[in-house]
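# Inside the fold
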Amino acid sequence: MLTNSARLLRLLSLLQTRRHWPGADLADRLGVTTRTVRRDVERLRELGYPVHATRGSAGYRLGAGAAMPPLLLDDDEAVAVVIGLRTATASSVTGIEETSLRALGKLEQVLPSRLRHRVTTLQQATVAAPVGGPRVDPDVLLTISEAKGRRERLRFDYTSHQGAETVRDVEPHALVNWGRHWYLVAWDTDREDWRTFRVDRLRARVPTGPRFTPRDPPDGDVTAYLSRQLSTGPWAVRATVTLHQPATAVADLVWPGMGAVEPVDDGSCLLHLGAESAADLAWMVTSVGVDFTVTGPPELVDAIRALGDRCRRSVRPRRPILDAPPRHD
């Protein structure tokens, strides 16, 4: 039989793995009586763990408390948390680096040597590239996620890509971390349509608005919707190019956010995309690596021609170097 302390830890570990535990099941797992389980639950409560009795059944569940009690993590969970904290110290979310380092220091202090070795080995084999792009305030992310969780409308000041400032009233649906940016996908109540917003460009207003009933995600898939919006959204230059390969063959060649592929037939598809300039569009189209046809806009046609001329010039045959005449002493 487990000692009292070991049994408490085992009980706590079990409560963390399932939403609800019948008391009889806990007693079977621990090899004790249901009365002993009740006493152990009281000890956990005295230690600050919010263990609640479930209504309608003789069971227990671990809830959220006013303070943060200690957590029990298995080996894989501990390694995952350490890696996550180390990643957060170089993330695009501003202001959490120091907090992450403090939490990381506390956790690494109590890591067993076998886990510390695994984490250190991974760190030594990993090179972190500098994080570019705009930084996001974690308080803004929390405000958005809390409004979504409570199903409350969110009001915020927003600066568009062109610099225009507006006040938006939305029903938040999802936060998406895409590359170097954070995006909010939400239903815009004024425009009665789905919209995407760069989180670094919004300033949330509090308090939040009235509650709402969640809607089905746009196109049934938030990621696909965001990819299409980023591809053909408010870009200075937009185009549709015919690719002379079926959509299934080019789907993996078009990176997320680059463009939206539309099937046409067994030998071709359409690529809808946008960029800041025609030159950027020309580079994107040629990077796919398949034959294509461009019919417009005119600035893209000119950019493709200019790119082709530049490539041809780069491979012109060089003039042969004549052998040097023999030297005479």
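Below, the discussion takes up the pairing of strand β4 (residues 154-159). Sheet analysis places β4 next to strand β5 (residues 165-178), joined by six bridges and oriented antiparallel. Residue Tyr 158 lies in a different strand from β5, and its bridge partner there is Thr 166. Where β4 hands over to β5, the hairpin turn is made up of five residues, of which Gly 163 adopts a positive phi near 95°. Note that β4 and strand β8 (residues 202-205) share four bridges and pair antiparallel. Each bridged residue has a counterpart across the sheet, and for Phe 156 the counterpart in β8 is Ala 204.

So, about the sheet that holds strand β2 (residues 51-54). Reading across the sheet, the three strands line up as β1-β3-β2 and stay open at both edges, with antiparallel pairing between neighbours. Either end of the sheet is taken by a strand with one partner, and the two such strands are β1 (21-22) and β2. In this fold helix α1 (residues 4-17) packs onto β1, β2 and β3 (59-62), with an angle of close to 80° to the strand it touches most, β3. Contacting β2 and β3, helix α3 (residues 34-46) runs over the sheet at an angle of about 140° to β2.

Burial along strand β9 (residues 237-243) is one-sided: Val 237, Ala 239, Val 241 and Leu 243 are buried, and none of Arg 238, Thr 240 and Thr 242, which face the opposite way, are. As judged from the seven bridges shared by β9 and strand β11 (residues 268-275), these two strands associate in the antiparallel manner. When the bridges of β11 are listed, Thr 242 appears paired with Leu 270. Both β9 and strand β12 (residues 292-293) contribute to a ladder of two bridges, which runs antiparallel. Bridged to Leu 243 within β12 is Phe 292.

For the structure on display, the rule yields four aromatic pairs. Ring geometry for Phe 156 against Phe 197: centres 5.1 Å apart, planes inclined by 80°, an arrangement best described as edge-to-face. Of this pair, Phe 156 sits in strand β4 while Phe 197 is found in strand β7 (residues 193-198), placing the two residues 41 residues apart along the sequence. Each member of the pair Phe 156 and Phe 197 is classed as buried. Taking 5.6 Å as the distance between ring centres and 85° as the angle between the ring planes, the aromatic pair formed by Trp 187 and Trp 194 counts as edge-to-face. Each member of the pair, Trp 187 as well as Trp 194, carries the same accessibility label: buried. Taken together, the ring pairs in this structure connect Phe 156, Tyr 158 and Phe 197 into an aromatic cluster. In this structure, Arg 215 packs its charged tip against the face of Trp 187, placed 4.1 Å from the ring centre.

Before going further, it helps to examine the pattern of salt bridges. Counted by the stated rule, this structure contains 13 salt bridges. For Glu 152, the salt bridge identified is with Arg 150, shortest N-O distance 3.0 Å. Taking relative accessible area as the criterion, Glu 152 reaches 15% and is therefore assigned buried. For Arg 168, the salt bridge identified is with Asp 188, shortest N-O distance 3.0 Å. Separated by 20 residues along the polypeptide, Arg 168 in strand β5 and Asp 188 in strand β6 (residues 181-188) bring together distant segments of the chain. You can call Arg 168 buried: its relative accessible area is 9%. Residue class for Asp 188 comes out buried when judged on its relative accessible area of 0%. Members of the salt-bridge network, linked through shared partners, are Arg 7, Asp 40 and Arg 43.

On the secondary structure map, Pro 210 appears in the loop between β8 and α8 (222-232). Spatially, the C-alpha atoms of Pro 210 and Glu 152 are 5.4 Å apart, while their sequence positions differ by 58 residues. Not counting chain neighbours up to four residues away, the residues in contact with Pro 210 comprise Arg 151, Glu 152 and Arg 153.

Procedures and definitions
Within every chain, residues take consecutive numbers counted from 1 along the sequence as written. Owing to the predicted nature of the model, reporting of local features is limited to residues with pLDDT of at least 70; listing and counting of side-chain atom pairs is limited to 80 or more, with chain, interface and lining totals taken over all residues. Only hydrogens and water are set aside; all other atoms, that is, all heavy atoms of the structure, feed into the side-chain values. Any two strands with at least two DSSP-identified bridges between them are counted as paired. Elements are defined by DSSP. Helices are runs of H or I of four residues or more, strands are runs of E of two residues or more, and each kind is numbered from the N terminus. Here, residues are in contact when the closest pair of their heavy atoms is within 4.5 Å. Note on geometry: axes are C-alpha line fits, over the in-contact stretch for helices, and angles between N-to-C directions span 0 to 180 degrees. Per-residue accessibility, obtained with a 1.4 Å probe over protein chains only, is compared with the maximum for each type, and a residue is labelled buried under 20%, exposed over 50%, and partly exposed between these values. Here a pair means two rings of Phe, Tyr or Trp (six-membered ring of Trp) with centres within 6.5 Å. Their orientation is stacked below 30 degrees between planes, edge-to-face above 60, and tilted elsewhere. Here, over-ring charges are defined by two tests on the NZ atom of lysine or the CZ atom of arginine: distance to the ring centre within 6 Å, and angle to the ring normal within 35 degrees. Any Lys or Arg side-chain nitrogen located within 4 Å of an Asp or Glu carboxyl oxygen qualifies as a salt bridge.

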